[in-house]
Amino acid sequence: LQDTSWFNQASESLLTALSQIMEPIEAEDGDILVHEGEDIRNFFVMESGVLARTKMSVDSAQQAAAVQASTIGDDADDAKQPAIGGGGAKIKLQRQSVQLKQVSVPVDELFGRGRVTGLLHAMEQDAKAFATVAAQGSAKVWRIDGAHFRKVISESPQHALDVLQAMAHELRVGSKSLRGLIQKQRHKKKSGSSGDESNASKVCR
């Protein structure tokens, strides 16, 4: 948690509370952590590996068939249950089917120790997942249940303040990065050729 931009300045009290509700997940290539369109019930803190976000580019009927194929799995290995926690508890991860991969387009990749994904969505009940998140190769992540997280921050004003301060920091950093990209693009438009302007227009869209 202290390696994350969200919680590296959090109080010891919040870090302790979150550490008590974190569950380690050892994921293998293709294991799905989040299904597109489903309620987001958890968020994840990365320890190692890469997570790929993809979005389906087909109609609802084909989406349902592709998701069903992933639920069933391609073979018996898809029914594996990676261990989480120290008490022998198990959580079942579904494997991305070939069909699901064929009807999906890549969005981006998430990597780096301490990278957090899904936190803002997990703060809201019934939020829907924009994309599918699956392991790309072996990955270790820590899962935090959204309901438990909301309970932790609602029970302590200090915990709520910690999260608000982290959110403000993330928004400032994101805004600066976006302004930098916009300014860079504008500079390219002014100094580039007509061909460059055409390419810039495509990037902006």
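Going by the structure above, here's the rest.
Residues numbered from 1 in each chain as written. Predicted model: local features only at pLDDT ≥ 70, side-chain atom pairs only at ≥ 80, totals over all residues. Heavy atoms only, no water.

**Some thoughts on the overall build of the chain**
Right, on to step 1. Helix and strand counts for the chain stand at 7 helices and 9 strands.
Right, on to step 2. For the chain, with 205 residues in total, the buried portion stands at 38%.
Right, on to step 3. For the chain, long-range pairs separated by at least 24 residues make up 82% of all intrachain contacts whose partners lie at least 6 apart in sequence.
Right, on to step 4. Of the roughly 12000 Å² that the chain leaves accessible, carbon and sulfur atoms contribute 51%. (Helix = DSSP H or I, 4+ residues; strand = E, 2+ residues; numbered from the N terminus. Buried < 20%, exposed > 50% of the residue type's maximum accessible area, 1.4 Å probe, protein only. Contact = heavy atoms within 4.5 Å. Areas by Shrake-Rupley, 256 points an atom, 1.4 Å probe, with all protein chains shown as cover.)

**Looking at the pattern of salt bridges**
Right, on to step 1. This model, assessed by the stated rule, comprises 7 salt bridges.
Right, on to step 2. A salt bridge links arginine 113 to aspartate 3, with the shortest nitrogen-to-oxygen separation between them at 2.6 Å. Here arginine 113, found in the loop between β6 (104-111) and β7 (116-117), pairs with aspartate 3, found in the segment before α1 (12-19); they are 110 residues apart in sequence, far enough to count as distant.
Right, on to step 3. Its salt-bridge partner being glutamate 47, residue lysine 140 comes within 3.9 Å of it at the nearest N-O pair. In this pair, lysine 140 is assigned in strand β9 (residues 139-145) and glutamate 47 in strand β3 (residues 42-48), connecting sequence segments 93 residues apart.
Right, on to step 4. Residues joined by salt bridges that share partners form a network here, namely Glu26, Glu47 and Lys140. (Salt bridge = Lys/Arg side-chain N within 4 Å of Asp/Glu carboxyl O.)

**Considerations on the sheet that holds strand β8 (residues 132-135)**
Within a beta sheet, neighbouring strands are joined by backbone hydrogen bonds and run either parallel or antiparallel to one another.
Right, on to step 1. One open sheet accounts for 5 strands, arranged β5-β2-β8-β4-β6; its pairing is antiparallel. The open sheet has two edge strands, β5 (94-95) and β6, and neither has a second partner.
Right, on to step 2. Note: strand β4 (residues 50-56) against β6, 7 bridges, orientation antiparallel. When the bridges of β6 are listed, threonine 54 appears paired with proline 106. (Pairing = 2+ DSSP bridges.)

**Some remarks on the nonpolar core**
Right, on to step 1. By size, the foremost hydrophobic cluster in this structure holds 20 residues, and its most contacted members are Phe7, Leu14, Leu18, Phe43, Leu119 and Phe149.
Right, on to step 2. Every element with two or more residues in this core is listed here: α1, β3, α4 (119-122), α5 (146-154) and α6 (157-191).
Right, on to step 3. The element best represented in this core is α1, accounting for 4 residues.
Right, on to step 4. With sequence-adjacent residues up to four places away left out, phenylalanine 43 is seen in contact with Phe7, Val116, Thr117, Gly118, Leu119, Ala122, Trp142, Arg143, Ile144 and Phe149.
Right, on to step 5. In terms of nonpolar packing, the next biggest core, distinct from the first, is built from 15 residues, Val34, Leu110, Val133 and Val141 among them. (Core = buried A, V, L, I, M, F, W, Y, C linked by side-chain atoms within 4.5 Å.)

**Remarks on unusual backbone geometry**
Right, on to step 1. Although it is not a glycine, aspartate 126 adopts a positive phi angle of roughly 65°.
Right, on to step 2. For aspartate 126, the location among the structural elements is in the loop between α4 and β8.
Right, on to step 3. On the basis of relative accessible area, aspartate 126 is assigned to the exposed category, the value being 59%.

**A look at the side chain of aspartate 162**
Right, on to step 1. Inspection of the secondary structure puts aspartate 162 in helix α6.
Right, on to step 2. Among the residues examined, aspartate 162 registers a relative accessible area of 7% and is labelled buried.
Right, on to step 3. Filtering out sequence-adjacent residues up to four positions away, aspartate 162 remains in contact with Ala10, Ser11 and Leu14.

**Notes on the environment of serine 13**
Right, on to step 1. You can see serine 13 is positioned in helix α1.
Right, on to step 2. The spacing of serine 13 and histidine 159 is 146 residues in sequence and 7.7 Å in space, taken between C-alpha atoms.

**Observations concerning α5**
Right, on to step 1. Within the span of α5, buried status applies to Gly146, Phe149, Arg150, Val152 and Ile153. Taken around the axis of α5, the buried residues stretch over an arc of 160°, which confines them to a single face.
Right, on to step 2. In this structure aspartate 145 caps α5, since a side-chain oxygen of it lies 3.0 Å from the backbone nitrogen of alanine 147. (Arc of directions from axis to C-beta. Polar contact = N/O pair within 3.5 Å; in protein donor to acceptor, adjacent residues only side chain to side chain.)

**Section: the sheet that holds β7**
Right, on to step 1. Spatial strand order, β1-β9-β3-β7: 4 strands in an open sheet with antiparallel pairing. Looking at strand neighbours, the two that pair on one side only are β1 (22-27) and β7, the edges of this open sheet.
Right, on to step 2. Examined bridge by bridge, β3 and β7 share 2 bridges and lie antiparallel to one another. Its bridge partner lying in β7, phenylalanine 44 is registered against threonine 117.
Right, on to step 3. Against the sheet, α5 makes contact with β3 and β9, and its axis sits at roughly 55° relative to β9, the strand it touches most. (Axes fitted to C-alpha atoms, helices over the stretch in contact; angles between N-to-C directions.)

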